[in-house]
Amino acid sequence: MITSNKLYRLIVLGNTLEAWLAAAYIKRKMNHLVEITIVDNGQSNPIAQYINLGSTTHLFHKILGLTQNDMINFCEGKIHFGQSYYSIGDKSKSFFIPYSSSGFEKGFFHFHQLLSRINENFKNYNESYSINFALEKNNKVPSQSYRGPIPDYSFVVNSSRYHEKIKSIALSMGVQYIQSTNYQLKTDANGTINELTVDEEKIKNISHVINTLVNFDSQPNKKSSKASYRTVEIVNQESDYSDIALQWSLDEESIIKKQKLMGKQFIKGYHPIYLSMQQIEAIYSADNKTIAIIEDVISDTIEWSANKLNISLSNLETPPLVVCELEHFAASLADFIRLFTVEKNNTVNAKEFNRLVNQRQKSIDDLHHLILYQASSKLTPSTGVSSKIKKMIELYKTHGRFSLSPIEPVKAHYYFSVLIGNHLLPKSYHPLLDELDANQIKAEVKGLQNQIEIALQFTNNKGDLIPKR
Amino acid sequence: MSNRIKTIVIVGGGTAGWMAAAALSRYLFSGHYHIRLIESEQIGTVGVGEATIPGIRDFNQKLGINENDFMRATHATFKLGIQFEGWNGGDDKYMHPFGFFGHELNGVPFHHYWLKSQQLSHKFELEEFSLAYQLAINNKFKLPNNDPKSIFSTFFYAFHLDASRYAVFLRKYAENRGVLRTEGKVDTVNLNPESGFIDSVTLDDRTQIKGDLFIDCSGFRGLLIEKALGVGYQDWSHWLPCNRAVAVQSESLEEPLPYTRAIARDAGWQWRIPLQHRVGNGYVYCDKQISDDEAWQTLNANVPGKQLTEPNFLKFTTGRRDKIWEKNCVSVGLSSGFLEPLESTSIHLIQTAIMKLITHFPDNQFAQEDIDDYNQQMCSQFDQVKDFLILHYFKNGRKDIPFWDECRTMAIPDSLKERLNLFQSSGHIQECSSEIFVDPNWLAVYIGQKVKPNSYHPLTDTIPNEQLINILNQMKIAIGNAVSQCPTHQQTIQNYCSSASESNL
Ligand SMILES: Cc1cc2nc3c(=O)[nH]c(=O)nc-3n(C[C@H](O)[C@H](O)[C@H](O)COP(=O)(O)OP(=O)(O)OC[C@H]3O[C@@H](n4cnc5c(N)ncnc54)[C@H](O)[C@@H]3O)c2cc1C
């Protein structure tokens with residue numbers, strides 16, 4: 001058996017948010033076993049001014065040592081309980097995805113099936129039966145006197161403040177930072193990086209290199225032939241992405257016009273965006289202000305090969321419609337730590353890491369495609385929608401069933417929100433629901449609405465901390 | 001709802017048939033549905049299937065069955081795991097206990113610390129950190145509790161039960177809830193000439209029984225799903241080569257053990273399943289290696305105590321149907337497939353099939369999407385169990401015995417290869433969706449079958465060696481203390497569910 005008890009040397013390339021996040025997280029986890037050096041090539045990676053941290057990263061931030069106070073007061077964070085989507089073409093197709101599911105499940109029956117059983121109009125089921133929606137709409141957060149479970153929430157923070165905070169945490173833990181454009185990585189005969197020279201100083205016996213640059217080669221500033229970039233011009237830096245509006249254009253003429261126009265335009269920055277569909281031309285805020293114009297998409301994947309790991313928010317192709325790049329990134333870092341190994345060039349663990357990341361990626365893409373598919377009646381069903389998601393939609397259409405494996409990162413209620421929000425209602429409900437007493441279901445549904453009303457009385461304005469349970 | 005189906009016909013009254021009838025009668029209680037079960041005493045049931053895994057408790061709970069009543073009625077004992085004897089050759093033994101090994105530290109699974117401790121001066125056995133194992137081996141038992149802080153929340157239990165009594169118990173349950181039982185032999189399955197759906201079955205006395213939904217619980221015959229609908233079968237004998245069994249019941253000579261024994265023999269393995277009133281025995285073997293007579297001689301020589309039944313010879317082909325649900329027919333139990341009883345998974349697969357049928361319950365349109373989704377989910381259950389079973393054979397250490405040598409050199413499925421590579425490389429246990437067997441189950445068999453990782457997780461080094469030894473010693477002491485507090489298995493049975501006090505259920 002290979003024993004460890006040694007010091008690992010990790011090189012992180014890039015002065016990016018993801019570089020500091022990776023360094024801080026790995027250092028926190030591996031403590032004195034690891035020596036981390038961030039080498040900055042001078043390239044900056046501006047992302048949107050605000051970043052949604054996602055509802056599943058609380059543990060990640062706890063490990064990093066970030067408190068709610070830090071999020072709200074230092075990072076100028078705002079709390080959100082879900083994501084609103086406004087459809088510009090057909091306003092009635094706007095919808096909200098709450099971070100916690102709406103209503104309640106009864107045995108194996110989904111909430112929307114229960115509503116259907118009692119002939120309740122459930123088109124707005126998130127709006128009427130979700131504490132998340134109620135809080136979001138009323139601009140409230142639960143107060144100390146609030147009873148009941150705390151709904152899932154996310155922070156939307158100022159990304160440069162957040163970056164600054166993470167950087168200071170990493171530095172305080174002893175992460176080294178070298179700012180130089182004059183560095184070189186040396187690889188051995190197998191293509192494995194084993195040495196870094198910075199301004200003639202050498203760091204030897206490197207265990208892993210984490211490359212957080214958009215550029216995929218180990219050489220900075222050299223565009224890989226494999227990678228294709230698609231970028232977005234962020235027009236409205238003030239927008240925080242918590243409200244997203246969409247507009248599609250399928251007509252050839254406008255696409256060509258846009259492409260011509262964009263080709264000439266100065267690109268202020270890029271956003272980690274993945275779009276497989278040409279039809280989207282812009283992301284708008286709820287008040288119809290353009291947030292970003294999409295020009296191109298990054299289309300490589302996160303990958304761990306030999307001792308090089310390309311791990312970056314930009315590389316994680318999280319689509320803009322499913323705001324979860326940080327969640328995906330945090331989960332990938334946790335996978336990396338779980339699979340960290342003593343053996344150099346361990347391809348088995350790298351393969352498993354890639355499998356996990358890609359599996360998660362696929363689920364996120366699926367939801368993204370579903371949002372596109374549903375929101376635009378003009379799109380042909382085959383566009384971008386995976387066969388898995390098509391099957392799930394067909395399954396849903398008959399009796400409102402939906403089967404997702406328990407380890408899927410995207411939860412079933414996200415899909416229901418999109419489908420129901422776009423008026424796609426099942427033909428019928430679960431046949432065994434007739435076995436239940438409709439009056440009792442009605443009473444329970446009414447009870448839920450009362451609970452939401454009561455809960456709203458025990459809230460503060462947004463900006464306050466959320467009680468810990 | 002207007003397009004509701006009305007009549008459900010279950011063909012077969014073995015464990016599968018009565019489990020299906022009981023569960024359906026529990027969920028379909030409003031009188032909208034008629035449930036009918038046909039069975040033939042003349043044909044009888046397979047007559048084996050007595051060891052279970054912990055999921056059965058969930059099934060019983062969903063049906064609202066009182067555990068004491070159930071155990072009394074089925075003469076059940078508690079089961080904390082399976083002991084594999086001789087699978088590595090010689091006298092080597094290991095157990096697959098139902099529960100955790102130690103507890104994780106700093107987010108790193110416990111077994112990495114144990115692997116690391118193997119390099120240090122102080123050697124520990126993995127089993128020293130399993131309360132389930134320690135209880136089992138000391139013949140003790142106490143019900144676990146749900147408080148995650150308590151050491152008694154670190155194990156689960158299942159049962160050894162008398163399968164024919166379980167069927168009788170469930171029959172009573174189902175009949176009390178309106179299930180109609182018909183004694184008779186199904187002679188013909190009548191298909192609708194246009195749709196190919198099953199319209200009805202005709203019994204040997206010419207009675208015709210119509211139905212909307214048919215559940216095939218006819219055992220290995222697959223009377224409806226295969227003989228009538230011809231869905232096809234995936235033969236997995238090249239991975240799981242045992243295809244025969246001989247079973248016999250014997251009297252108990254000692255207090256019942258709270259675990260199943262799986263003893264490796266030259267052409268397969270022998271089970272011993274202790275019930276309250278007797279012991280179930282059997283030899284699962286491959287007919288390419290030995291004849292039925294030879295198998296019986298081996299079993300006969302290895303069953304202590306008086307035999308209570310004649311030997312029961314059984315034939316099977318490991319594998320599963322290509323489709324578990326076809327048109328208006330769902331196969332449940334042996335009719336849907338059989339993987340061999342090494343890890344006692346068949347009853348679990350029955351309950352999964354039934355619960356998934358309830359979640360996918362059809363109306364008279366029989367939406368193909370529901371059927372496809374059901375099939376995909378059920379097939380994946382079979383596939384996962386398959387990999388777990390193959391692991392036991394593939395990693396055996398019984399050298400120079402043709403059957404075992406062949407198993408060791410067989411080509412295994414890619415999915416298992418990947419899992420094994422990952423564990424061997426760094427002790428990582430691959431996580432998969434909705435699995436019957438999870439980390440501790442795989443770990444027990446990997447380590448038991450001497451699959452050793454090349455390295456342990458580097459993060460274990462965040463704890464200094466001396467401190468690690470201390471922590472491990474403390475865990476061991478805590479488990480020892482817990483075991484010493486527990487009554488014997490026999491005492492718990494006596495107090496909780498002795499069949500001697502069987503009530504009139
Ligand atoms: C050797 C061996 C050991 C096993 N050990 C275990 C174990 O430890 N744990 C476990 O979980 N499982 C075990 N199993 C599997 C377990 O026995 C079965 O899953 C369980 O008994 C269910 O069987 P069944 O009801 O599907 O079939 P059967 O018990 O065969 O029942 C079939 C039913 O169909 C009826 N029938 C058949 N044809 C007709 C007809 N023409 N007309 C009317 N009725 C008909 C029969 O009368 C009978 O009632 C084992 C199986 C074998 C072979």
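Residues numbered from 1 in each chain as written. Chains lettered and ligands numbered in written order. Predicted model: local features only at pLDDT ≥ 70, side-chain atom pairs only at ≥ 80, totals over all residues. Heavy atoms only, no water.

Caption draft 1: Representation of the overall build of chain B. When helices and strands are counted, chain B shows 15 helices and 21 strands. Over its C-alpha trace chain B gives a radius of gyration of 23 Å, about what one expects of a compact globule, namely 23 Å for 505 residues. By its C-alpha atoms, chain B is 75 × 55 × 50 Å across when sized along the principal axes. Counting every position in chain B, which comprises 505 residues, the buried fraction comes to 61%. Surface summary for chain B: the accessible area is close to 19200 Å², and the carbon and sulfur share equals 46%. Here chain B holds 47 positive side-chain charges and 57 negative ones, and the gap between their average locations is 3 Å. (Helix = DSSP H or I, 4+ residues; strand = E, 2+ residues; numbered from the N terminus. Rg over C-alpha atoms; globule rule 2.2 N^0.38 Å. Buried < 20%, exposed > 50% of the residue type's maximum accessible area, 1.4 Å probe, protein only. Areas by Shrake-Rupley, 256 points an atom, 1.4 Å probe, with all protein chains shown as cover. Lys, Arg positive; Asp, Glu negative; His and termini not counted. Charge placed at Lys NZ, Arg CZ, Asp CG, Glu CD.)

Caption draft 2: Local environment of the sheet that holds strand E21 (residues 337–338) of chain B. Residues and elements named next belong to chain B. Taken together, three strands build an open sheet; the order of strands is E12-E18-E21 and the sheet is antiparallel. The open sheet has two edge strands with one neighbour each: strand E12 (233–235) and E21. Alignment of strand E18 (residues 319–321) against E21, held across two bridges, turns out to be antiparallel. Across the sheet, the residue bridging to Arg-320 is Gly-337, located in E21. Relative to E18, helix H10 (residues 368–394) is tilted by about 175°, and along the sheet it contacts E18 and E21. (Pairing = 2+ DSSP bridges. Contact = heavy atoms within 4.5 Å. Axes fitted to C-alpha atoms, helices over the stretch in contact; angles between N-to-C directions.)

Caption draft 3: Inspection of the site of the ligand at higher detail. Residues and elements named next belong to chain B. Among the 35 residues in the neighbourhood of the ligand, the closest are listed as Gly-13, Ala-51, Val-186, Leu-334 and Ile-347. Contact between the ligand and Thr-15: an oxygen atom at 3.3 Å from a main-chain N or O atom of the residue. At 2.6 Å, a backbone N or O of Ala-51 approaches a nitrogen atom of the ligand. For the ligand, the accessible surface in isolation is 1000 Å², of which the surrounding protein chains cover 98%. Put simply, the parts of the chain that give the shell around the ligand at least two residues each are helix H1 (15–27) and helix H9 (346–359). With three residues, the top contributor of residues to the shell around the ligand is H9. Across the shell around the ligand, the residue classes break down as 17 nonpolar, 14 polar and four charged. (Near = heavy atom within 4 Å. Polar contact = N/O pair within 3.5 Å; in protein donor to acceptor, adjacent residues only side chain to side chain. Nonpolar A, V, L, I, M, F, W, Y, C, P; charged D, E, K, R; others polar.)

Caption draft 4: Quick peek at the interface of chain A and chain B. Counting from both sides, the interface comprises 43 residues of chain A and, opposite them, 44 residues of chain B. Regarding the contact of chain A and chain B, the summed buried area is about 3800 Å², with carbon and sulfur atoms giving 58% of it. Viewed at the interface, chain B and chain A are joined by three salt bridges. Among the ionic pairs, Arg-4 of chain B bridges to Asp-434 of chain A, the shortest N-O distance being 2.9 Å. Here chain A is connected to chain B by 20 residue pairs in polar contact (both at pLDDT 80 or more). Within the residue set of the side of chain A that touches chain B, elements represented by two or more residues are helix H1 (17–30), helix H9 (325–338), helix H10 (347–375) and helix H11 (387–399) of chain A. No other element matches H10 of chain A, which puts five residues into the side of chain A that touches chain B. Its residues assigned to classes, the side of chain A that touches chain B shows 18 nonpolar, 14 polar and 11 charged. (Buried area = accessible area lost by both parts, 1.4 Å probe. Salt bridge = Lys/Arg side-chain N within 4 Å of Asp/Glu carboxyl O.)

Caption draft 5: Expanded view of the sheet that holds strand E9 (residues 198–203) of chain B. Residue and element names in this part refer to chain B. One open sheet holds the three strands; their spatial order is E8-E9-E10, and the pairing between them is antiparallel. Every other strand in the sheet has two partners, leaving strand E8 (186–191) and strand E10 (208–210) as the edge strands with one partner each. Ignoring strand direction, the axes of neighbouring strands in this sheet form an average angle of 25°. Across five bridges, the pairing between E8 and E9 is antiparallel. Bridge assignment links Thr-188 to a residue of E9, and that residue is Thr-202.

Caption draft 6: Structural view of the nonpolar core. In this structure, Tyr-162 of chain A together with Ile-8, Trp-87 and Tyr-393 of chain B are the most contacted members of the largest nonpolar core, which totals 246 residues. For this core, the element with the highest residue contribution is H10 of chain B, accounting for 12 residues. (Core = buried A, V, L, I, M, F, W, Y, C linked by side-chain atoms within 4.5 Å.)

Caption draft 7: Summary view of the packing of aromatic side chains. Scanning all chains against the criterion turns up 46 aromatic pairs over all chains. On the basis of an interplanar angle of 90° and a centroid distance of 5.1 Å, the ring pair of Tyr-8 of chain A and Phe-340 of chain A is categorised as edge-to-face. Note that Tyr-8 of chain A is positioned in strand E1 (residues 8–13) and Phe-340 of chain A in the loop between H9 and H10, a separation of 332 residues in sequence. Exposure remark for Tyr-8 of chain A: the relative accessible area of 1% places this residue in the buried category. Since its relative accessible area comes to 2%, Phe-340 of chain A is described here as buried. With centroids separated by 6.4 Å and ring planes inclined at 40°, the aromatic side chains of Phe-78 of chain B and Phe-159 of chain B adopt a geometry described as tilted. Of the two residues, Phe-78 of chain B is situated in strand E3 (residues 77–79) and Phe-159 of chain B in strand E6 (residues 158–160); the sequence distance between them amounts to 81 residues. Neither Phe-78 of chain B nor Phe-159 of chain B differs from the other in exposure class; each is buried. Ring pairs connect the aromatic residues Phe-70, Phe-78, Phe-141, Phe-155, Tyr-157, Phe-159, Tyr-166, Phe-169 and Tyr-496 of chain B, which therefore count as one cluster. Its guanidinium or amino end placed over the ring of Tyr-173 of chain B, Arg-177 of chain B lies 3.7 Å from that ring's centre, counting from NZ or CZ. Across the ring face of Trp-442 of chain B, the terminal group of Arg-419 of chain B is positioned such that the distance to the ring centre comes to 4.1 Å. (Phe/Tyr/Trp six-rings, centres within 6.5 Å; stacked < 30°, edge-to-face > 60°. Lys NZ or Arg CZ within 6 Å of the ring centre and 35° of its normal.)

Caption draft 8: Fine view of the environment of Lys-446 of chain A. Residue and element names in this part refer to chain A. Its place among the elements puts Lys-446 in helix H13 (residues 438–456). Overall, Lys-446 belongs to the partly exposed group, its relative accessible area being 47%. For Lys-446 and Tyr-129, which are 317 residues apart along the polypeptide, the C-alpha to C-alpha distance reads 9.5 Å.

Caption draft 9: Broad picture of the pairing of strand E2 (residues 34–40) of chain A. All names here are of chain A. Within E2, six of the seven residues are buried, which leaves it mostly tucked inside the rest of the structure. In this sheet, E2 lies alongside E1 in parallel orientation, the contact comprising six bridges. Note that in E2 the partner of Tyr-8 across the bridge is Val-34. Once the chain exits E1 it traverses H1 before rejoining the sheet at E2, and the crossover so formed is right-handed. Pairing analysis gives four bridges linking E2 to strand E9 (residues 176–179), with the strands arranged parallel. Residue Val-39 lies in a different strand from E9, and its bridge partner there is Ile-178. (Right-handed = clockwise from strand over helix to strand, strands pointing away.)

Caption draft 10: Up close: the packing of H1 of chain A against H9 of chain A. Residue and element names in this part refer to chain A. Packing of H1 against H9 leaves a shortest axis separation of 11 Å and a crossing angle of 40°. In the crossing of H1 with H9, the sense of the turn from one axis to the other is right-handed. Judged by residue contacts, Glu-18, Leu-21, Ala-22, Tyr-25, Ile-26, Lys-29 and Met-30 of H1 engage Leu-326, Phe-329, Leu-333, Ala-334, Phe-336 and Ile-337 from H9. In terms of residue class, the contact of H1 with H9 is made up of 11 nonpolar, no polar and two charged. (Left-handed = near helix turned anticlockwise from the far one by under 90°.)

Caption draft 11: Representation of the packing of H10 of chain B against helix H12 (residues 414–426) of chain B in the model. All names here are of chain B. Between H10 and H12, whose axes approach to 10 Å, the crossing angle comes to 65°. As far as their axial angle goes, H12 and H10 are roughly perpendicular. Of the two elements, H10 crosses H12, and the hand of that crossing is right-handed. Across from Asp-387, Ile-390, Leu-391 and Phe-394 in H10, the residues of H12 making contact are Ser-415, Leu-416 and Leu-420. Its residues assigned to classes, the contact of H10 with H12 shows five nonpolar, one polar and one charged. (Parallel < 35°, antiparallel > 145°, perpendicular 65-115°, else oblique.)

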